[in-house]
Amino acid sequence: MGKLSCLHTLTRYMVGRESSNVEECFEQLENLKSLGNLKGFIEIDIRVPKNAKYIKEDRRGGAYMKNKKHLNCVEFTFEHVENYESVEYEEALFEELQPHSNLMGLIMKGCKSVRLPCWIIENLANHFPNLVSLEIINCDGIEYLPDLSRLSRLKELMLVNLPKIEYVENEIPTVVAGHCEQLLWFPCLEQVYLDRLPKLKAWSRVNDRDGLPQVKKMVIFVCPKLASTLSRPFIEGLSIYDSLAAWARDMTYEDFLNFPGWKRVYRRSVA
């Protein structure tokens, strides 16, 4: 595979299987380095071996994805037996898989670690200024999301089955001369999908944020602790699949009249 330097299309690349060991996994990742002409979409499917144990010397220089400037979207899928050593190995491996800054779509599935890579946590907006779509799915260990608000081009956000997440936005604004720093908060975000976030309390830990100015479509599925609506009159479509969230259950016709921009509201009990 490493000799196919002119390859343009590769939709899925598998790293490790049931019988693989750590050495084989890194050799397979090394083959990715020469595929610098890949275009479009690729899924990196990583099966972390049962015997996976993080050893610093295993890293071999990393930078397996950074040279692929023609890729539009990358999906990282992790599959492994959950134990401390394999989670530590996942963290170290994921750290070396930073895509090129031209990326427009990022999908993460199946992460077991608590800590996301530094290239996600530390100023995601600077690393990926062109990011339009972000999906974080089935990541059991994550307790805090990175700062998403400064992703100036983000249009679609999907958060699915993140059992420890309490807020989408955790950052506390900088206080200068008694005033909170004014930020463009999700200036282009149009579609939001929140699914199975059992601890989600609110969108932001900061109460005085000015909502989501451009959101047109929102889907909320089983978020029983969500304390309030994301009250923006510009939302055109709102779908609620959760009879347990009090704010959704108790909304009346008069409440809906306060949102003249809403063209469709769908509310369904899942109990």
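Structure shown above.
Anyway, here's the lowdown on the structure attached to this text. It should be emphasised that the depicted structure is a prediction, and the values quoted were computed from it without experimental measurement.

## Section: unusual backbone geometry
Here comes step 1: Despite not being glycine, N161 shows a phi value in the positive range, around 55°.
Here comes step 2: Turning to its location among the elements, N161 is positioned in the loop between β6 (156–160) and β7 (167–169).
Here comes step 3: The class of N161 is partly exposed, set by a relative accessible area of 24%.
Here comes step 4: The residue V222 is not glycine, and still its phi comes out positive at about 55°.
Here comes step 5: Checked against the element boundaries, V222 lands in the loop between β12 (217–221) and β13 (237–241).
Here comes step 6: According to the relative accessible area criterion, V222 is partly exposed, its value standing at 27%.

## Side note on the nonpolar core
Here comes step 1: Ranked by internal contacts, the top residues of the largest apolar core, which has 63 residues, are I44 and W203.
Here comes step 2: Not counting residues up to four positions away in its chain, the partners in contact with I44 are Y13, V15, L32, M65, V74, E75, F76 and T77.

## Some remarks on the packing of aromatic side chains
The geometry of an aromatic ring pair comes down to the distance between the two centres and the angle between the two planes.
Here comes step 1: Scanning the entire structure with this criterion turns up six aromatic pairs.
Here comes step 2: An aromatic cluster is present here, built from F76, F78, F94, W119 and F128 joined pairwise through their rings.

## Thoughts on the environment of N31
Here comes step 1: In this fold, N31 is placed in the loop between α1 (22–30) and β2 (40–48).
Here comes step 2: The exposure class of N31 is partly exposed, given its relative accessible area of 30%.
Here comes step 3: Along the primary structure N31 and S5 are separated by 26 residues, whereas in three dimensions their C-alpha atoms are 9.8 Å apart.

## Examining the pattern of salt bridges
Here comes step 1: Scanning all chains against the criterion turns up ten salt bridges.
Here comes step 2: Salt-bridge contacts for R12 lead to D45; the nearest nitrogen and oxygen are separated by 2.4 Å. Pair noted here: R12 is in strand β1 (residues 12–15) and D45 is in strand β2, with a separation of 33 residues, a long-range link.
Here comes step 3: Beyond isolated ion pairs, a larger network of salt bridges with shared partners links R12, E43 and D45.

Conventions and cut-offs
- Residues numbered from 1 in each chain as written.
- Predicted model: local features only at pLDDT ≥ 70, side-chain atom pairs only at ≥ 80, totals over all residues.
- Heavy atoms only, no water.
- Helix = DSSP H or I, 4+ residues; strand = E, 2+ residues; numbered from the N terminus.
- Buried < 20%, exposed > 50% of the residue type's maximum accessible area, 1.4 Å probe, protein only.
- Core = buried A, V, L, I, M, F, W, Y, C linked by side-chain atoms within 4.5 Å.
- Contact = heavy atoms within 4.5 Å.
- Phe/Tyr/Trp six-rings, centres within 6.5 Å; stacked < 30°, edge-to-face > 60°.
- Salt bridge = Lys/Arg side-chain N within 4 Å of Asp/Glu carboxyl O.

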